Amino acid sequence: MQQRPSLSALAGPLAAALVADAAQLRLGIDSLAGATIVDGGIARSGGLEAGRRIAELCMGGLGRVTLQADTQSDRWPFQVAVHSTDPVLACLGSQYAGWSLSHKDEAGSFFALGSGPGRALARKETLFDELGYGDSGDPAVLVLESGAVPPAPLVERIAADCGVAPERLTLVLTPTASLAGTVQIVARVLEVAMHKVHALGFPLEHVADGVGVAPLPPPGKGFVEAMGRTNDAILFGGTVQLFVTGPEDAAADLARRLPSTESRDYGRPFAEVFAAVNKDFYAIDPLLFAPARVVVTALDSGRSFHGGRLAPDMLDRSFSGTGCGGAGVKEAGAKEAGG
């Protein structure tokens, strides 16, 4: 396999700093089956800065996340901006929510999708074969978009799958409707683009650099509204610029096909789309999950190609609306635009 940075080694100090700064970040720290559990919005309130740092942790130490002002917006004046020195590894190898985690017993069931650098230790996804990447060592860190603490047997299994002692495992929990959850989901704007780049068959080795930005929405009241707003921030307000090598016509084609506007399900707030398919996430066109606007710069020629458009009216409709309610949907089993 190609020699690349160890996500685990890079993320370890970030996880340790998150735990050390838990009091000022309004995070809860507990131990379960020997592992460290970081509560980013279940019993503790968390906050924007916690979400920003969790987002960087989720990118395996290969991304930078900032909160900044958007001087062009009158109604939603702040943004989450993301940059990665290695967008393929940071976004697909770490940040992508690709590890399905579940447990069921007489006490009930739990399901969540695991993000973060621990995925590269476990290598449960065929994606890592495509990336030609695997990690080793410890610690193991995962981020779960969940409103519930995973059961102890699942925690033990995660540690075993990652090849670490439970004491070297950290699980960070960020409910969708929390402030920290809102930031860490919107910070997936670049990851969403990279996931669609992969789905479209564009050579990942041609992606040299990337940067993205999306508006910071108000947290929704309830899971479905919160999921809708964080998705809409990317689908209708996200902008990504990718810098690619290779033929100019390939860059132009990517710019045309990449935006969310190219999906058959584009045009309604995500919560409405979700309701229209009876809350079956997998019935939604997967090509919907993409930033609203893209710029693809062909490094070999210096030309840039533009695709998609921002839709501020849809952001207003989503961020100001009452949503469609969350009855019958469990947060731990849901997905966001990042997969």
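Higher on the page you've got the structure.
Definitions and limits used
Residues numbered from 1 in each chain as written. Predicted model: local features only at pLDDT ≥ 70, side-chain atom pairs only at ≥ 80, totals over all residues. Heavy atoms only, no water. 1 Å grid on protein atoms, 1.4 Å probe; cavity = no way out; pocket = protein on both sides within 12 Å on 5 of 7 lines; lining within 4 Å. Points joined across faces, edges and corners; volume = space filled by probe spheres on them. Helix = DSSP H or I, 4+ residues; strand = E, 2+ residues; numbered from the N terminus. Nonpolar A, V, L, I, M, F, W, Y, C, P; charged D, E, K, R; others polar. Pairing = 2+ DSSP bridges. Axes fitted to C-alpha atoms, helices over the stretch in contact; angles between N-to-C directions. Contact = heavy atoms within 4.5 Å. Phe/Tyr/Trp six-rings, centres within 6.5 Å; stacked < 30°, edge-to-face > 60°. Buried < 20%, exposed > 50% of the residue type's maximum accessible area, 1.4 Å probe, protein only. Core = buried A, V, L, I, M, F, W, Y, C linked by side-chain atoms within 4.5 Å. Disulfide = S-S within 2.5 Å.

Caption draft 1: Layout of the layout of surface pockets. Of the volumes computed, that of the largest pocket is approximately 340 Å³. Every residue lining the largest pocket is counted, 18 residues in all, and those nearest its centre are Asp70, Ser73, Leu310, Pro312 and Leu315. For the lining of the largest pocket, the secondary structure elements donating two or more residues are β9 (207-215) and α13 (312-320). For the lining of the largest pocket, the element with the most residues is α13, which contributes three residues. Along the lines of polarity and charge, the residues of the lining of the largest pocket split into eight nonpolar, five polar and five charged.

Caption draft 2: Structural context of the sheet that holds strand β2 (residues 35-39). Across the sheet, which stays open at both edges, the six strands sit in the order β1-β2-β8-β7-β6-β5 with mixed pairing between neighbours. Each having just a single partner strand, β1 (28-32) and β5 (99-105) make up the two edges of the open sheet. Along the sheet, successive strands turn relative to each other by an average axial angle of 30°, direction set aside. In the packing of helix α3 (residues 48-58) onto the sheet, the strands contacted are β6 (108-115), β7 (140-144) and β8 (169-173), and the crossing angle to β7 comes to about 125°.

Caption draft 3: Representation of the packing of aromatic side chains within the structure. Scanning the model with the defined rule gives seven aromatic pairs in all. Between Phe281 and Phe289 the ring centres are 5.2 Å apart and the planes differ by 15°, which places this aromatic pair in the stacked class. Each member of the pair Phe281 and Phe289 is classed as buried. An aromatic cluster of at least three residues, connected via ring pairs, comprises Phe270, Phe274, Phe281, Tyr282 and Phe289.

Caption draft 4: Representation of the nonpolar core in the model. Residues Leu242 and Phe270 are the most contacted members of the largest nonpolar core, which totals 65 residues. Those residues in contact with Phe270, other than ones at most four positions away along the chain, are Met227, Gly228, Asn231, Asp232, Leu235, Phe281, Ile284, Leu288 and Phe289. Counting 20 residues, the second-largest nonpolar core is a separate cluster that includes Ala112, Ile158, Cys162 and Val164.

Caption draft 5: Looking closely at the state of the cysteines. By the definition in use, this model includes zero disulfides. Cys58 carries a free sulfur, and the closest cysteine sulfur to it, the one in Cys91, is 9.7 Å from it. In this structure Cys162 is not part of a disulfide, and its nearest cysteine sulfur, from Cys58, lies 13 Å away.

Caption draft 6: Quick look at the sheet that holds strand β11 (residues 293-298). With mixed pairing, the six strands of this open sheet are ordered in space as β3-β4-β9-β10-β11-β12. Two strands close off the open sheet at either side, each with one partner strand: β3 (63-69) and β12 (304-308). On average, each strand axis in the sheet is tilted by 15° relative to the strand beside it, whichever way the strands run. The pairing of strand β10 (residues 239-244) with β11 spans six bridges and is parallel. Looking at β11, one finds that Val240 is bridged to Val294.

Caption draft 7: Structural detail: the pairing of β5. Pairing analysis gives seven bridges linking β5 to β6, with the strands arranged antiparallel. Its bridge partner lying in β6, Lys104 is registered against Ser109. Following β5, the chain reverses through two residues before pairing antiparallel with β6.

Caption draft 8: Fine view of unusual backbone geometry. Geometrically, the link from Asp138 to Pro139 is a cis peptide bond, its omega value of 5° lying close to zero. Tracing the chain through its elements places Pro139 in the loop between α6 (127-131) and β7. Non-glycine residue Ala33 carries a positive phi angle of around 55°. By secondary structure assignment, the location of Ala33 is in the loop between β1 and β2. Note on Ala33: relative accessible area 28%, which makes it partly exposed.

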